[in-house]
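These are the residues of each chain, in order.
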Amino acid sequence: MYNFTFHRPTTVRQAAGLLARNPDGKLLAGGHSLLPVMKQRLAQPSALVDLSLVEGMTGVELKGRSVVIGAMTRHADVANSQVLKDAMPGLAAVPGSIGDPQVRNRGTIGGSIANNDPNADYPAACLGLGATIITNKRRIAADDFFTGMFSTALEDGEIITKISFPIAKKCAYEKFKHPASGFALVGVFVSKRGPDIRVAVTGAGSNGVFRVKSFEEALKKRFAAKSIEGMTIPANGMNSDIHASPEYRAHLVAVLARRALAKANA
Amino acid sequence: MATVSMTVNGKAVTGDVEPRTLLVQFLRENLRLTGTHVGCDTSQCGACIIHLDGIAAKACTTLALQCEGAKITTIEGLAEPGGKLHPMQEAFREHHGLQCGYCTPGMIMSALDIVRRNGNNLDEHTIRDQLDGNICRCTGYHNIVKAIEAGAKAMAK
């Protein structure tokens, strides 16, 4: 890896100041996406700003009708949160499927969302629940946040501090896990919160996470697997690689959406 | 260069490192604790697993500077000072939970984390599922799984 300067601020304000002084710098959260990419010399940040000592960025708490998760909360801690398991088991199940136990011990929700890997799980949960991404500058709706593969609405110097998930009465995530990497070959998050119905897909789209409006429309009548029986989505715009063709990914989207609906209704 | 200080296997250590120095390099090259291995160097094989403040982590995907002030335990820190093996190490010996031995340190550090998370009564399915982050290129998983089940029970005694 190329060398860099290393900083450990203790407040969000200090971290933002360090980013401003190091325009080619990057934030370091769990490091389990960034460090491997740096080792491959695919990224060359001039500085790393480690967020692990920043106060007030971890924890899962209930706030009104939402669950608010600190950006530096590690996957294992989100998965084990009793608050979340009680409030929204469908969301609590998401981090348990990420990577392997050691990755879950280090990786963070904020890091995952900021990276917006097209095969990552959390982007589907955020979009599938209509989450709000809270930064040091503003609040961003998930619908506006994920802007394409590895790209987000985050501006220079902007730091995710929390993610707020509205509690959906029914929600579930189904994932076809790549057996080696643990990433989603395809993952589908479904939710129903009053009249708001969402179907969000990760792993499949060549432009990152997306919603399936045709499924959402069909589910308005009844939020059940039966409502989308026989429905498909076009293979056009699906990822293609050695692991799966666009047609197979499109097929998986419909299959996993039905499974997720069955799980959400169970 | 920067200076990093941490506690490794109960001993306070300090060293000069580059910001890009990985924890596994610091352990192996600065401290000469070569029990922690580098298998894949791409965060997949688990040969480099250590405990960082009591929790299993991959030392190849952690910077030494991220461990400033932390408590690290490596495979060298498990046996008693007189040389008596930790119950989990003893179980690996007893059940021959290794072939070439390269993955063993990581397997044992990972096994202890499985016990931390799931308790001392482990079934085969749980062990295999939770060993997701450890690869044995000899494919000697069968005895590793048996060793972990026995080692976890022995730790409760």
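1. Thoughts on the overall build of chain A
Within chain A, the regular secondary structure consists of 11 helices and 14 strands. Taking 266 residues into account, the globule formula puts the C-alpha radius of gyration at 18 Å, and chain A, at 18 Å, falls close to it. By its C-alpha atoms, chain A is 55 × 45 × 30 Å across when sized along the principal axes. Across the 266 residues of chain A, 50% fall into the buried class.

2. Quick word on the packing of helix α2 (residues 87-94) of chain B against helix α5 (residues 141-156) of chain B
Residues and elements named next belong to chain B. In the contact formed by α2 and α5, the axes pass within 8 Å of each other and the chain directions differ by 145 degrees. Here α2 runs over α5; the crossing is right-handed. Side by side, α2 and α5 meet where P87, M88, E90, A91, F92 and E94 of the first sit next to A147, A150, G151, A154 and M155 of the second. For the contact of α2 with α5, the per-class residue count stands at eight nonpolar, one polar and two charged.

3. A closer look at the domain arrangement of chain A
All names here are of chain A. If you check the domain split of chain A, you get domain 1 (5-50) and domain 2 (60-265). Of all the elements, helix α1 (residues 12-21) adds the most residues to the side of domain 1 that touches domain 2, at five residues. Within the side of domain 1 that touches domain 2, the residues separate by chemical class into seven nonpolar, four polar and no charged.

4. Considering the nonpolar core
Formed by 126 residues in total, the largest nonpolar core has its most connected members in V186, V188, V190, V201, V253, A257 and A260 of chain A. Ranked by residue count, the leading element in this core is helix α11 (residues 246-265) of chain A, at eight residues.

5. Here we look at the interface of chain B and chain A
How big an interface is tends to be reported as the loss of accessible area on association of its parts. Residue-level contacts link 20 residues of chain B with 17 residues of chain A. No other element matches strand β4 (residues 55-58) of chain B, which puts four residues into the side of chain B that touches chain A. For the side of chain B that touches chain A, the per-class residue count stands at seven nonpolar, eight polar and five charged.

6. Description of the domain arrangement of chain B
All names here are of chain B. If you check the domain split of chain B, you get domain 1 (2-77) and domain 2 (87-156). Taking the mean C-alpha position of each, domain 1 and domain 2 sit 21 Å from one another. Facing 15 residues of domain 1, the contacting portion of domain 2 comprises 11 residues. Sorting the residues of the side of domain 1 that touches domain 2 by element identifies β3 (49-52) and β4 as the ones contributing at least two each. It is β3 that provides the largest number of residues to the side of domain 1 that touches domain 2, a total of three residues. Counted by class, the side of domain 1 that touches domain 2 contains eight nonpolar, seven polar and no charged residues.

About the thresholds
Residues numbered from 1 in each chain as written. Chains lettered and ligands numbered in written order. Predicted model: local features only at pLDDT ≥ 70, side-chain atom pairs only at ≥ 80, totals over all residues. Helix = DSSP H or I, 4+ residues; strand = E, 2+ residues; numbered from the N terminus. Rg over C-alpha atoms; globule rule 2.2 N^0.38 Å. Buried ≥ 20, exposed ≤ 12 C-beta atoms within 10 Å, placed from the backbone. Axes fitted to C-alpha atoms, helices over the stretch in contact; angles between N-to-C directions. Left-handed = near helix turned anticlockwise from the far one by under 90°. Contact = placed C-beta atoms within 7 Å. Nonpolar A, V, L, I, M, F, W, Y, C, P; charged D, E, K, R; others polar. Domains from an automatic or database assignment. Core = buried A, V, L, I, M, F, W, Y, C linked by C-beta atoms within 7 Å.

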